[in-house]
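Given next are the chains, with one letter for each unit.
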Amino acid sequence: MLGATLLRNCSQLLLRVASSRPVVQFGSLTRARDYHHCSMELQLIVTRLHEMFPPSLAGNWDNVGLLVEPSSQEQPVSHIMMTNDLTEDVMDEVQAASPQVGLIVAYHPPIFKPLKSLTRRTAKERIILKAVESRIAIYSPHTAADSVYGGVNDWLAAGLGEGECTPLQPTPPSYEVRAEHVSSEMCEVMSDEVALCGGKLVKKLRDDSSYEVLVRCRLDRLSQVYTLLCGKLTSQNISISQVAKENTKGSGVGRKLLLNTPVSLSEFVVRVKNYLGLPSIRLARGRNCEDSFMVKSVAVCAGSGASVLCGVSADVYLTGEMSHHEVLDATSRGMSVILCEHSNTERGYLAKIKDNLQQALGSDIKISLSLKDHDPLITV
Ligand SMILES: [Zn+2]
C-alpha cells in the first residue's frame, strides 16, 4: 500500500510540450481503459489480469490497471516482466531483456500522483518516457492484489502456519447499475467517466446493435455513478441491483490469522524469516511478552500496514513498515510487532502471480521476474 493520496482525475495527467504548444492531453496515457487500439494479445493479457485482480477491489485512492499503453501494437506481447517497484535499474533491465519486453507488471503503480510533465528531470518521468518510447505497456494491480482472495495478504498469511484466515475489513458488497439501448459512442464517452467514479463499465451487444451497459461499483460510489448515467442517458431505463456476495467472497483489506496450533513468539519469528527468506527482521515485543509468549492470532498487512492494523486485536502485527509511535502504541496494548521492510512483504507474491498468469496465458509467452528489483533497505 502507498499513502492514501487521492488520485481523482487521470485527465490531470498532462504533457507539457515545448514552447509552441503550451499544454496538451497525453491521449495514450489518459485513455488507459480504452483498449480498442491494443493488439488482441495485450487486450487479452489485460483482461486476464483484470480477472485475477478486479479493479473494483482496489482502494478508491489507488491507481491500478493499465497505466501505459502503446498507441499501436506493432508486435504482440511476447515477454512480460514483473517487478515490485519499477525503478530505473529495473527499466534498464527491461530494455536489455530478450525477447523484447512488451508489458511490465509493476505491483506498485509507477504513475500514482498525476504527472504534470514528462521530462528527464525526475526518475519517475524518465521511467515513463522510456516505456512510451520503447512501446512498453505498464500494468499495476496494487491494492486489487492486496484485497483479492488468494492475493498478497493471503500469500503472506499462508507462510505463518495452518489456521483460519479472514479479511480484517471485508470488501463491502458491490452494486450494478444497468441501462439498455446505449449507443457505442456513448459507451466510449461514459467509460472513462465511470472509471473516475471508481466503477467499471461493461457493455454487451444487443440484437438491435445497441448496447446493454452494466456498471459495477461500491455503495459509497453508487449515487455518483447513478447520477452520471442519468445525466448521460436521459431516455433509457436505469436500474440498480446488488451483486451477489460470492463475487467478493474472502476479499478485503488485511488478514487475521487464527493459528490452529499456537507457537512461541521466538519460533514465530523464525517462521517469518524462513518464509520470506530474510536473514533479519525487526521485532518489538508487546508489553509483558517474553520470547515464550504463545502466539495464537496474527494481524497481517503487506506493505505499510499501520492504518489497517491500528485498533485491531491480535497477539502479533506483521507488516512491512510502521512508524516509531505506531509501534509504541501497539506494544503498549500488548501486541508484538514484526516489521520486515515494506516490499519484503510483497515481492515473494510476484512468483505466484507469474505462475497463475503463465497458466492463464499458456506457455507461448515468456514471463520473468526482475532480477534488479529489491527492497532499498538492507541491514549493514
Ligand atoms: Zn506496498
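About the thresholds
- Residues numbered from 1 in each chain as written.
- Predicted model: local features only at pLDDT ≥ 70, side-chain atom pairs only at ≥ 80, totals over all residues.
- pLDDT = per-residue confidence, 0-100.
- Contact = placed C-beta atoms within 7 Å.
- Pairing = 2+ DSSP bridges.
- Helix = DSSP H or I, 4+ residues; strand = E, 2+ residues; numbered from the N terminus.
- Axes fitted to C-alpha atoms, helices over the stretch in contact; angles between N-to-C directions.

Participant: Mind showing me how you'd approach the confidence of the model for the protein chain here?
Facilitator: Reading predicted coordinates in detail is not appropriate for stretches of low pLDDT. With 88% of its residues at a pLDDT of at least 70, the protein chain reaches an overall mean of 86. Taken together, the stretch residues 1–39 has pLDDT below 50 and engages in 62 contacts with residues farther than four places along the chain or on a different chain.

Participant: Help me understand the sheet that holds strand β15 (residues 316–321) in this model?
Facilitator: Strand pairing in a sheet relies on backbone hydrogen bonds. The paired strands run either parallel or antiparallel. Overall, mixed pairing links the six strands, which are arranged β7-β12-β14-β15-β16-β13 in an open sheet. Looking at which strands have only one partner, the edges of the open sheet turn out to be β7 (163–170) and β13 (282–284). Taken pair by pair, the neighbouring strands of this sheet meet at an average axis angle of 25°, ignoring direction. In terms of strand pairing, β13 meets strand β16 (residues 336–339) through three bridges, oriented antiparallel. Opposite A284, over in β16, you have V337 as the bridge partner. Sitting on the sheet, helix α9 (residues 265–276) touches β12 (252–264), β13, β14 (294–304), β15 and β16, and the angle it makes with β12 is about 125°.

Participant: How should I be thinking about the sheet that holds strand β6 (residues 137–140) in this particular structure?
Facilitator: The sheet built from five strands is open, its strands ordered β3-β6-β5-β4-β17 with mixed pairing. Edge positions in the sheet fall to β3 (65–68) and β17 (366–369), since each has one partner strand and no second. Taken over all neighbouring pairs, the strand axes of this sheet differ in orientation by 25° on average, direction set aside. Running at roughly 175° to β17, helix α12 (residues 349–361) makes contact with β4 (79–83) and β17 of the sheet.

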